[in-house]
Amino acid sequence: MTAAEQISVPEPVLREDRLNFTPTARSVTFSRRRTARLVREWGYPGLAGDAALLVSELATNALLHGAIRGRLFRVHLTLTATTLRIAVSDPRGERLPGLREAAGDECYGRGLLIVARIADRWGVEPRTVGKTVFAELALRQGPDMPMGPRELRAGPSRTGTEVTATPR
């Protein structure tokens, strides 16, 4: 393999949407509805529900664990030829997310488990101020690329995290 073959070239972005939100519960609802609408408009109505659920979970985490008074959180959708990427950025970089098992009587603690089950890949990227938590959905085409529930294949670490899921 030559050096030129080892360099990965990013895919061209076909569609993109970026919007800042105030850290309120209404913003989570608005971001979920906006995401579903955009994904349908971009030609992937079958992914609209999964994308809406992913942005809802990530935006809720930004609201509950990443909010700082007077600071916004951002939802960034990126569509390439092979991937829909949902990224939510918040100002609290010191509070990194991680998978955990919630007790049966707990009201919270299952959001990232949901993200890990639905997304083909997810992770955390540090920012100068804050962090970005992302989830990616592969754009499946053809009978050899099934859609549906996925099995968690790897767990995150507390630094530079990424989790990959595989189709069942």
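To start, this report covers the structure provided alongside it. (Residues numbered from 1 in each chain as written. Predicted model: local features only at pLDDT ≥ 70, side-chain atom pairs only at ≥ 80, totals over all residues. Heavy atoms only, no water.)

### What to know about the pairing of strand β2 (residues 73–79)
For step 1, the next point in the chain: Most of β2 is tucked away: six of the seven residues are buried.
For step 2, the next point in the chain: With seven bridges connecting them, strand β1 (residues 15–21) and β2 associate as antiparallel partners. Opposite Arg 15, over in β2, you have Leu 79 as the bridge partner.
For step 3, the next point in the chain: By the bridge criterion, six bridges tie β2 to strand β3 (residues 83–90) in an arrangement that is antiparallel. Residue Thr 78 lies in a different strand from β3, and its bridge partner there is Arg 85.
For step 4, the next point in the chain: If you look at the hairpin formed by β2 and β3, you'll find three residues sitting between the two strands. (Buried < 20%, exposed > 50% of the residue type's maximum accessible area, 1.4 Å probe, protein only. Helix = DSSP H or I, 4+ residues; strand = E, 2+ residues; numbered from the N terminus. Pairing = 2+ DSSP bridges.)

### Looking at the packing of helix α2 (residues 25–41) against helix α3 (residues 48–65)
Helix packing for two helices is described by the angle between their axes and how far apart those axes are.
For step 1, the next point in the chain: Running from amino to carboxyl end, α2 crosses α3 at an angle of 155 degrees, the nearest separation of the two axes being 8 Å. Considering their axes alone, α2 and α3 lie roughly antiparallel with respect to each other. When you trace α2 past α3, the crossing you get is right-handed. Only Ala 48, Ala 51, Ala 52, Val 55, Ser 56, Ala 59, Thr 60 and Leu 63 of α3 make contact with α2, whose side of the interface consists of Ala 25, Val 28, Ser 31, Arg 32, Thr 35, Ala 36, Val 39 and Arg 40.
For step 2, the next point in the chain: A breakdown of the residues in the contact of α2 with α3 according to their chemical character gives 10 nonpolar, four polar and two charged. (Axes fitted to C-alpha atoms, helices over the stretch in contact; angles between N-to-C directions. Parallel < 35°, antiparallel > 145°, perpendicular 65-115°, else oblique. Left-handed = near helix turned anticlockwise from the far one by under 90°. Contact = heavy atoms within 4.5 Å. Nonpolar A, V, L, I, M, F, W, Y, C, P; charged D, E, K, R; others polar.)

### Side note on the packing of aromatic side chains
For step 1, the next point in the chain: On inspection of all chains with the given rule, the structure shows two aromatic pairs.
For step 2, the next point in the chain: Each ring, one from Phe 21 and one from Phe 30, has its centre 5.8 Å from the other, and the planes form 65 degrees; the classification is edge-to-face.
For step 3, the next point in the chain: Overall, Phe 21 belongs to the buried group, its relative accessible area being 5%.
For step 4, the next point in the chain: Where Phe 21 meets Phe 73, the ring centres are 5.5 Å apart and the plane angle is 25 degrees; that geometry is what we call stacked. In this pair, Phe 21 is assigned in strand β1 and Phe 73 in strand β2, connecting sequence segments 52 residues apart.
For step 5, the next point in the chain: A network of ring pairs unites the aromatic residues Phe 21, Phe 30 and Phe 73 as a single cluster. (Phe/Tyr/Trp six-rings, centres within 6.5 Å; stacked < 30°, edge-to-face > 60°.)

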